[in-house]
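Here's the letter readout for the chains.
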Amino acid sequence: MVLLENDLFLSELTKFFQKARLSGSVSMTFKRYDGRTKPIPREGRPPLPEPQEHMCLIRAKFKTKKIATVVHQKDINKFQVAYSSLLKGNIDGLKKLKKLKTKTKAE
């Protein structure tokens with residue numbers, strides 16, 4: 001998995017969406033991240049220090065390629081605006097679902 005800067009992540013994600021139009025799909029995960037790289041210690045051991053700032057870990061996967069980025073709390077609004085505009089521009093090839101007709105009850 002490649003950890004990228006926020007702007008580079010969005011440009012790579014655009015490429016993923018363009019490739020996925022032909023075949024495949026892009027899967028995304030969003031996760032709260034506190035910056036820890038070590039597991040939480042067992043009971044009886046000294047605890048890890050509390051994080052000063054919580055972040056958001058965002059991962060994207062297309063076929064076998066994986067990319068990720070970490071968005072800090074102060075940058076979340078700017079990233080969210082850029083991400084939403086990217087989604088609006090690239091999610092236009094969705095198939096329209098056919099509604100099933102429900103039969104009315106005979107009286």
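The notes below deal with the structure included here. A quick note: this is a predicted structure, and the numbers were derived from the prediction, not measured.

On to the pairing of strand β4 (residues 65–71), then. For β4, a buried count of five out of seven residues is recorded, marking the element as mostly surrounded by other parts of the structure. Strand direction decides the pairing type here: strand β1 (residues 2–4) and β4, joined by three bridges, are parallel. The residue of β4 that forms the bridge with Leu-4 is Thr-69. By the bridge criterion, seven bridges tie strand β3 (residues 55–62) to β4 in an arrangement that is antiparallel. Looking at the pairing, Lys-61 lines up with Lys-66 of β4. If you look at the hairpin formed by β3 and β4, you'll find two residues sitting between the two strands, and Lys-63 has a positive phi there, around 55 degrees.

With the rule as written, the count across this model stands at four aromatic pairs. Ring plane angle 35 degrees and centroid distance 6.4 Å describe the contact between Phe-9 and Phe-79, whose orientation is recorded as tilted. Of this pair, Phe-9 sits in helix α1 (residues 6–22) while Phe-79 is found in helix α2 (residues 76–90), placing the two residues 70 residues apart along the sequence. Seen in terms of ring centroids, Phe-79 and Tyr-83 are 6.2 Å apart; in terms of plane orientation they differ by 5 degrees. Their pairing is stacked. Here the residue Phe-79 and the residue Tyr-83 both occupy positions in helix α2, the gap between them amounting to four residues, near one helical turn. Accessibility classification places Phe-79 together with Tyr-83 in one group, the buried group. The rings of Phe-9, Phe-30, Phe-79 and Tyr-83 are connected pair by pair, giving a single aromatic cluster.

Take the nonpolar core next. Formed by 17 residues in total, the largest nonpolar core has its most connected members in Phe-9, Leu-13, Val-26 and Phe-79. At the level of secondary structure, the elements contributing two or more residues to this core comprise α1, β3, β4 and α2. Counting residues per element, this core draws most heavily on α1, at six residues. Leaving out residues up to four positions away in the same chain, Val-26 has contacts with Leu-13, Phe-16, Phe-17, Ala-20, Lys-61 and Phe-62.

At a minimum axis separation of 11 Å, α1 and α2 run at an interaxial angle of 15 degrees. Our classification of the angle between α1 and α2 gives roughly parallel. In this structure, α1 crosses over α2, and the sense of that crossing is right-handed. Across the interface between the two elements, Asn-6, Phe-9, Leu-10, Leu-13, Thr-14, Phe-17 and Arg-21 of α1 pack against Phe-79, Ala-82, Tyr-83, Leu-86, Leu-87, Gly-89 and Asn-90 of α2. The residue makeup of the contact of α1 with α2, split by class, is nine nonpolar, four polar and one charged.

Conventions used here
- Residues numbered from 1 in each chain as written.
- Predicted model: local features only at pLDDT ≥ 70, side-chain atom pairs only at ≥ 80, totals over all residues.
- Heavy atoms only, no water.
- Buried < 20%, exposed > 50% of the residue type's maximum accessible area, 1.4 Å probe, protein only.
- Helix = DSSP H or I, 4+ residues; strand = E, 2+ residues; numbered from the N terminus.
- Pairing = 2+ DSSP bridges.
- Phe/Tyr/Trp six-rings, centres within 6.5 Å; stacked < 30°, edge-to-face > 60°.
- Core = buried A, V, L, I, M, F, W, Y, C linked by side-chain atoms within 4.5 Å.
- Contact = heavy atoms within 4.5 Å.
- Axes fitted to C-alpha atoms, helices over the stretch in contact; angles between N-to-C directions.
- Parallel < 35°, antiparallel > 145°, perpendicular 65-115°, else oblique.
- Left-handed = near helix turned anticlockwise from the far one by under 90°.
- Nonpolar A, V, L, I, M, F, W, Y, C, P; charged D, E, K, R; others polar.

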